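This is what each chain is made of:
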Amino acid sequence: MAGDDKLRDAGSIAAQVMDGAYKKVKEGARLLEVADYAEALIVEMGARPAFPMNISINERAAHYTPDVGEQTVFEKGDLVKLDIGVHVDGYIGDIARSKAIGGGHKELIAAAEAALENAVSAVKPGVRTNEVGGIVEKTIKDFGLLPVSNLTGHMLTEWNLHGGTVVPNVRTMTGYKFRVGDVFAIEPFSTNGAGRVVDEASAMIFRYLADKPLRMREARTILAYAKENYSTLPFAERWVADLVPRFKLGLALRQLVSSKSLHAYHILRECERGLVAQAEHSIRVTNSGCEILTEE
Ligand code: MN
Ligand code: MN
């Protein structure tokens, strides 16, 4: 399969899996059963997860994925962000949607969706990423809400989720000029908080960085497995949990992070604990505009 077809495939599978997962998110359902379902469906469809399914609720904006055996369920009133990544031989599709359990949060969700739609409509060769950021900012502010200024969209390249160049969610001073063939994920976040996220102490998602000397055998086991199986892409703690005795898992991961063998994606929450909604598509720049890749 040519790279072009792999990219389309990854996007289409991501969209189909999102559809299925979105329907499973309801009051009383477990977060873990939704993540397991989505990640298994990706494999069934002949692809691989490009990262663990993110299920971030309320003031958590991103980087939450269920823990091993987690029993947490969706509750009425929850504002849920679902973020799914799929890759076919390193070609990545990245998509996100928001859902309110039992309804509500309509403005927050509509603001993120409208910002995404307006951003996608604006992308074409020669337009700058900071202009798109300005469109996102204005769209969300017109709803009386704020964009999250320190979360951004990002270029997608082979085996690389964050290809260096970003698409801001606010107007910035300078930007990159889109070129034909560029692939980007565009992902506005809207909030009724202050418009910034901060790191929580914990992380459930990690990525291989480098081989380093490690004292703990279990840490070496996890690192070798992560390098072999996930390469440059993120993985979940629960994906490596069965490799080592459970009581050593947390310690091994902490050693891997402190030795800079692994990168930890800390859970991100809104700094004033405002509610956060998100919408995301992966797009490719064409001669006259862009095409959405994460569509069925
Ligand atoms: Mn995403
Ligand atoms: Mn993304």
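Up top is the structure.
Note that the coordinates shown come from a computational prediction; the quantities given were computed from them, not determined experimentally.

### Quick look at the nonpolar core
Of all hydrophobic cores here, the largest spans 32 residues; its most connected members are Met 53, Ile 55, Phe 74, Val 80, Ile 84 and Val 86. Contributing elements (two or more residues each) for this core: helix H1 (3-24), helix H2 (31-44), strand E1 (48-57), strand E3 (79-88), strand E10 (197-208) and strand E12 (262-270). With 7 residues, the single largest contributor to this core is H1. Mapped onto the domain boundaries, this core takes at least three residues apiece from domain 1 (3-196 + 272-292) and domain 2 (204-268). Once you skip the residues sitting within four places of it in the chain, Val 80 turns out to touch Val 25, Ile 55, Ser 56, Ile 57, Phe 74, Arg 97, Ser 98, Lys 99 and Ile 101. By size, the runner-up hydrophobic cluster in this structure holds 26 residues, among which are Leu 79, Ile 140, Phe 178 and Ile 283.

### As for the coordination of the manganese ion (ligand 2)
Within the protein, the manganese ion (ligand 2) binds to Asp 94 (OD), His 154 (NE2), Glu 187 (OE) and Glu 280 (OE); these donor distances fall in the range 2.1 to 2.2 Å. For the manganese ion (ligand 2), the donor residues sit on a single chain with the sequence spacing D-x59-H-x32-E-x92-E. Taken as an interatomic distance, the gap from the manganese ion (ligand 2) to the manganese ion (ligand 1) is 3.1 Å; Asp 94 donates to each of them. In this pair, Asp 94 sits in strand E4 (residues 91-100) while His 154 sits in strand E6 (residues 153-155), placing the two residues 60 residues apart along the sequence. By relative accessible area, Asp 94 is classed as buried at 3%. You can call His 154 buried: its relative accessible area is 2%.

### What about the sheet that holds E4?
The sheet built from 3 strands is open, its strands ordered E1-E3-E4 with antiparallel pairing. Looking at which strands have only one partner, the edges of the open sheet turn out to be E1 and E4. Pairwise comparison of adjacent strand axes, ignoring direction, gives a mean angle of 10 degrees for this sheet. Note: E3 against E4, 10 bridges, orientation antiparallel. Note that in E4 the partner of Leu 82 across the bridge is Arg 97.

Parameters at a glance
- Here the residue numbers are simple positions, counted from 1 along each chain's written sequence.
- Here chains are named by letter from A upward and ligands by number from 1 upward, in the order in which they appear as written.
- Confidence filtering applies because this is a predicted model: local features only for residues at pLDDT of at least 70, side-chain atom pairs given and counted only at 80 or more, and all residues used for totals across whole chains, interfaces and linings.
- Derived side-chain values reflect all non-hydrogen atoms in the structure, with water molecules and hydrogen atoms excluded from consideration.
- Here, nonpolar core means buried Ala, Val, Leu, Ile, Met, Phe, Trp, Tyr and Cys residues that are tied together by side-chain atoms lying within 4.5 Å of each other.
- For each residue, the accessible area found with a 1.4 Å probe, counting protein chains only, is set against the maximum for its type, and the residue is called buried under 20%, exposed over 50%, and partly exposed in between.
- Strands here mean DSSP runs of E at least two residues long; helices mean DSSP runs of H or I at least four residues long; both are numbered from the N terminus.
- For each domain, the first and last residues come from an automatic or database assignment.
- The contact rule is simple, with two residues in contact once any of their heavy atoms fall within 4.5 Å.
- Ligating atoms shown are N, O and S within 2.8 Å of the metal, or 3.2 Å for Na, K and Ca, and water is not included, meaning a site may look less than complete.
- Whether two strands pair comes down to DSSP finding at least two bridges between them.
- Inter-axis angles, ranging from 0 to 180 degrees, are taken between N-to-C directions of lines fitted to C-alpha atoms, where helices are fitted over the stretch in contact.

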